[in-house]
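Each chain, written out:
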Amino acid sequence: MTSKKDYRLIPAVLEQSLSKDWSLAVHEWMIRDCTEDPECATQCICGKEGIRYLFSIKNIKNGNVLFPIGSSCIKKFERSDLTEQVCVYEKLFKLTNEFSKSAYIPFTSDFFSKKLLTFLYNQRAFKPSSFNHGQPIRDYKFLLKMFNKRTPPSTAQKSKINAIIIHSIVPYLKSKLYNQV
């Protein structure tokens, strides 16, 4: 069923797409960036007010950009890759907000996901060090292993998790926070 918001979203997307068929046009778009509006004072292109996550999407065929578009509208594209990216960005903002509040980030599913760890790895958040023998992928794989673990990590594993968070993820988050100011 089509909602009133869809009546604004679909024409806005189609107007900026090469294809004028919704089922084809949705495949022309990719997420370019995302920012957060903690005051939720922004309006989506569909007309919905009070959106927190402001996505910028770019048409890969003609270069057109739509901004701001909310996560709910991106999910209406019904593309699993875009929906996954939305979830990663939302986790990233939650992680950044937690860090800005307390400077401590627990390694829990409240703040981390496998997809977020992969995103952080692809963003080069993991740094070469003597602990990972100059290979950041070792820290990434270790955190994935710990995330998948069914039993609580040992004391040594907890120490390593905290060291990776402090020496790799926190500096990445600090750079993200610094760039927002």
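The structure reproduced in this document is the subject of the present report. Here the residue index of a chain counts from 1 through its sequence in written order. Restriction of local features to residues with pLDDT of at least 70 applies here, the model being predicted, together with a cutoff of 80 or more for giving and counting side-chain atom pairs; totals for whole chains, interfaces and linings are based on all residues. Values reported for side chains reflect all heavy atoms of the structure, with hydrogen atoms and water molecules removed beforehand.

### Focus: the pattern of salt bridges
Stage number 1. A pair is scored as a salt bridge if a Lys or Arg side-chain nitrogen falls within 4 Å of a carboxyl oxygen belonging to Asp or Glu. Across all of its chains, the model carries three salt bridges by this definition.
Stage number 2. With a shortest N-O distance of 2.7 Å, Asp-81 and Arg-79 are connected by a salt bridge.
Stage number 3. Exposure categories follow from relative accessible area, calculated using a 1.4 Å probe and restricted to protein chains: below 20% of the type maximum is buried, above 50% is exposed, and the middle band is partly exposed. Of the residues examined, Arg-79 reaches a relative accessible area of 11% and is grouped as buried.
Stage number 4. Between Glu-84 and Lys-115 there is a salt bridge whose closest N-O contact spans 3.8 Å. Linking Glu-84 in helix α4 (residues 80-102) with Lys-115 in helix α5 (residues 114-122), this pair joins segments that are 31 residues apart in sequence. In DSSP terms, a helix is any run of H or I states spanning at least four residues, a strand is any run of E spanning at least two, and both are numbered starting from the N terminus.

### Here's the deal with the side chain of Glu-98
Stage number 1. Counting through the fold element by element, Glu-98 comes out in helix α4.
Stage number 2. Leaving out residues up to four positions away in the same chain, Glu-98 has contacts with Ala-103, Tyr-104 and Phe-111. Note on contacts: a residue pair qualifies if any of its non-hydrogen atoms lie within 4.5 Å across the two residues.

### Some thoughts on the pairing of strand β5 (residues 65-69)
Stage number 1. Direction of pairing for strand β4 (residues 53-59) relative to β5: antiparallel, over a ladder of three bridges. Bridging across to β5, Ile-57 finds its partner in Leu-66.
Stage number 2. Counting the residues between successive antiparallel strands, the hairpin from β4 to β5 contains five residues, one of them, Gly-63, with a positive phi of roughly 85 degrees. Pairs of strands are assigned from DSSP output, requiring at least two bridges between the strands.

### Describing the nonpolar core
Stage number 1. Counting 26 residues, the largest nonpolar core has Ile-105, Phe-112, Leu-143 and Ile-169 as the members making the most contacts within it.
Stage number 2. Take this core: its biggest share by element is seven residues, from helix α7 (residues 155-180).
Stage number 3. Those residues in contact with Ile-169 that sit more than four places away from it in its chain are Leu-95, Phe-112, Leu-120, Phe-126, Leu-143 and Ile-164.
Stage number 4. Grouping buried Ala, Val, Leu, Ile, Met, Phe, Trp, Tyr and Cys residues that are joined through side-chain atoms within 4.5 Å yields what is termed a nonpolar core. Among the nonpolar cores identified, the runner-up in size contains 22 residues, and Val-26, Cys-34, Leu-54 and Ile-57 belong to it.

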